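Reading the structure
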Amino acid sequence: MIRIRHPLDSSRIALGLVLIARTTPVSRLLPWPVSHVVPPLLGWPEHGFRAAWGGLALPDAVVIALCLVRTAAAVLFTLGVRTTAAGIVAAVAGLVVASQDVFGFKFTLHTLFVGTLLLSLSGAGRSIALVPSARRGARPGPWLVRAFVASVYAWAGIAKVRGAWLSGEVLRALHGVGYLGGSLADVLFASAARCRADAWAVVLVELALGPLLLARRTRTVGLVLAVGMHAVYEVVARPDVYGWIMGALLVCFLGDHAARSRAYGSGHTRARSRWCVRRPMPPSTMNPAP
Amino acid sequence: MLARTRGATGPSWTSVARVAAGVLVCVVVPLASWATDGRGRLAFTMYASTVTYRLEVTATDAAGRRRRVDPADLAGEVSSPAAPYLRGASGFRTVAQIDPLRAHLRDVARAGCRAFPGDVVDVVLRESPTPLRPGDLDVGPTEDESARVACPAPAR
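Conventions and cut-offs
Every chain's residues receive numbers from 1 upward, in the order its sequence appears when written. Following the order in which they are written, the chains are lettered starting with A and the ligands numbered starting with 1. It should be noted that, the model being predicted, local features are given only for residues of pLDDT at least 70 and side-chain atom pairs only at 80 or more, the latter also being counted only at that level, while totals for whole chains, interfaces and linings use all residues. Helix and strand assignments follow DSSP, with helices taken as H or I runs no shorter than four residues and strands as E runs no shorter than two, numbered in order from the N terminus. Any residue whose C-beta has 12 or fewer other C-beta atoms within 10 Å is treated as exposed, any with 20 or more as buried, and any in between as partly exposed, C-beta atoms being built from the backbone. Think of it this way: build a C-beta for each residue from its backbone, and any pair within 7 Å is a contact. Residues are grouped as follows: Ala, Val, Leu, Ile, Met, Phe, Trp, Tyr, Cys and Pro are nonpolar; Asp, Glu, Lys and Arg are charged; every other residue, Gly included, is polar. Start and end points for every domain follow an automatic or database-based domain assignment. Core membership is restricted to buried Ala, Val, Leu, Ile, Met, Phe, Trp, Tyr and Cys residues, and these are joined into a nonpolar core through C-beta atoms within 7 Å. When DSSP finds two or more bridges between a pair of strands, those strands are recorded as paired. Axis definition: a line fitted to C-alpha atoms, over the contacting stretch in the case of helices. Angles run 0 to 180 degrees between N-to-C directions. The scheme is simple: roughly parallel for angles under 35 degrees, roughly antiparallel for over 145, roughly perpendicular for 65 to 115, oblique for anything else. Crossing handedness is read from the near helix: turned anticlockwise from the far helix by less than a right angle, it gives a left-handed crossing, and turned clockwise, a right-handed one.

Time to look at the overall build of chain A. Per the secondary structure count, chain A includes 14 helices and zero strands. Traced from its N-terminal end to its C-terminal end, chain A shows the element sequence α-α-α-α-α-α-α-α-α-α-α-α-α-α. In chain A, which comprises 290 residues, the proportion classed as buried is 44%. Pairs at least 24 apart in sequence give 69% of the contacts found in chain A among residues at least 6 apart.

Laid out in structure tokens, this is it:
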């Protein structure tokens with residue numbers, strides 16, 4: 001199995017870069033027009049148009065301020081400066097701004113903001129950071145992000161367990177109107193029988209990915225399958241930056257975190273991390289004579 | 001100084017926050033989104049279904065004269081994420097989902113007030129679960145929803 005030294009923080013940097021790229025004018029450099037941000041920042045109010053979730057519309061000035069805060073926090077999160085707070089602020093601001101125009105809602109963006117939130121809560125920022133976070137609080141661990149990734153695949157699979165999808169009709173329609181295109185798509189969706197077979201394959205793979213990724217023994221198989229699936233999606237569907245987001249989150253599966261946690265959480269460190277109260281040292285021990 | 005170091009029991013706030021966040025985003029939110037409207041809007045249903053729809057927009061002035069409006073003409077009055085829902089919607093088209101359009105038809109009608117001040121703007125959404133095939137003109141029975149907004153008269 002491929003292992004990297006700091007999976008949580010490698011994932012943080014990768015996701016942070018996607019977050020910055022997808023929510024700012026940098027997005028216009030991406031090769032997919034669907035990812036381009038037209039206004040100054042993603043979610044910036046346009047033409048006074050309002051379609052807020054639940055009718056809870058915020059004033060334009062507040063939305064603009066949240067866009068700026070989200071961007072600044074995303075940069076700090078990526079660099080690793082006050083990482084937990086920065087990640088939480090970036091994610092919450094991103095979700096609030098997204099709620100102001102429900103037409104802009106995409107699972108891609110939802111996954112991006114929620115992934116950022118969960119990485120922050122998981123203790124990212126203790127390594128590969130400009131200002132590494134202090135070692136206090138609960139031990140860092142990737143289980144939360146891993147659970148989220150597994151749940152995304154599981155829910156995506158569950159949503160497709162229905163007649164219209166399993167008959168291949170949905171894939172055939174999406175191919176017919178150009179949502180799925182390119183030479184590979186033309187081969188994969190050339191007939192009703194192939195569409196049906198592809199539809200079943202997608203469901204089976206998505207439902208299997210969660211258990212395969214969560215079980216240590218099958219993790220490598222799960223990773224290969226997940227990356228392969230996203231590669232095919234990129235070619236036939238060009239689904240915004242969804243593959244990049246999932247790729248960044250899948251980095252959390254690279255590495256045996258249990259061994260690291262044992263090393264991190266030796267008795268002394270664990271005890272201090274609970275309540276983190278320091279006992280003042282006697283003056284005589286503070287600057288021992290050489 | 002009081003200190004609780006060794007032997008401290010109970011989870012830290014970060015552990016509690018992680019478990020709470022995990023349960024919320026992995027289970028509660030997706031499940032609730034299925035339960036509330038049966039569409040799973042927050043349950044990662046990406047491309048799991050299609051919908052075929054068209055929009056009919058009319059503006060009626062104070063004298064009762066009705067004008068048919070191409071929905072694409074309103075695309076410049078809404079946000080950039082909303083515009084693609086309007087462009088090309090004068091005829092039936094098949095897309096992955098139109099949940100926001102269905103839920104915010106009135107906001108689309110209100111956007112028409114900038115182009116037709118003082119008029120009454122009607123927006124009718126006709127949708128069919130049947131995918132449109134190339135060359136098809138009719139998609140069979142449709143489910144219709146509409147919204148009407150009386151636009152304020154222009155200030156003198």
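Counting from both sides, the interface comprises 43 residues of chain B and, opposite them, 47 residues of chain A. Its residues assigned to classes, the side of chain B that touches chain A comprises 24 nonpolar, 13 polar and six charged.

Our focus in this paragraph is the domain arrangement of chain B. Assigned domains of chain B: these are domain 1 (14–45) and domain 2 (51–150). The distance between the C-alpha centroids of domain 1 of chain B and domain 2 of chain B comes to 31 Å.

Before going further, it helps to spend a moment on the nonpolar core. In this structure, A90(A), L118(A), F148(A), I245(A) and L249(A) are the most contacted members of the largest nonpolar core, which totals 78 residues. No other element matches the 11 residues that helix α5 (residues 143–159) of chain A contributes to this core. In this structure L118(A) touches L144(A), V145(A), F148(A), A21(B) and V25(B), once residues within four positions along its chain are discounted. Counting 26 residues, the second-largest nonpolar core is a separate cluster that includes V102(A), Y85(B), L86(B) and L125(B).

The subject of this paragraph is the pairing of strand β1 (residues 51–60) of chain B. Residues and elements named next belong to chain B. Where β1 lies against strand β3 (residues 93–95), three bridges are found, and the strand directions are antiparallel. Residue pairing for β3: V51 is matched across the bridge by V95. Alignment of β1 against strand β4 (residues 120–128), held across nine bridges, turns out to be antiparallel. The residue bridging T60 from the neighbouring strand is V120, located in β4. Bridge analysis of β1 against strand β2 (residues 66–69) gives four bridges, and the strand direction is antiparallel. Bridging from a neighbouring strand, T58 pairs with R68 of β2.

Axis angle and axis distance: for two packed helices, these are the angle between their axes and the distance between the axes, and together they describe the pair. All names here are of chain A. With their axes 8 Å apart at the nearest point, helix α1 (residues 7–23) and helix α2 (residues 60–79) run at an angle of 155° to one another. Considering their axes alone, α1 and α2 lie roughly antiparallel with respect to each other. Where α1 crosses over α2, the handedness of that crossing is left-handed. Two secondary-structure elements touch here, α1 through R12, I13, G16, L17, L19, I20 and T23 and α2 through R70, T71, A74, V75, F77 and T78.

Right, let's talk about the packing of α5(A) against helix α1 (residues 13–37) of chain B for a bit. Packing of α5(A) against α1(B) brings their axes to within 10 Å, and their N-to-C directions diverge by 5°. Taken as axis vectors, α5(A) and α1(B) run roughly parallel relative to one another. Contact residues: α5(A) offers L144(A), A147(A), F148(A), S151(A) and W155(A), while α1(B) offers R18(B), A21(B), G22(B), V25(B), C26(B) and P30(B). Of the residues belonging to the contact of α5(A) with α1(B), the class tally is eight nonpolar, two polar and one charged.

A word on the environment of V25(B). Relative to the helices and strands, V25(B) resides in helix α1. Taking the C-beta count within 10 Å as the criterion, V25(B) has 22 such neighbours and is therefore assigned buried. Along the sequence, V25(B) and L42(B) sit 17 residues apart, while their C-alpha atoms lie 9.4 Å from each other. Each residue touching V25(B), except ones within four places of it in the same chain, is listed here: V114(A), L118(A) and F148(A).

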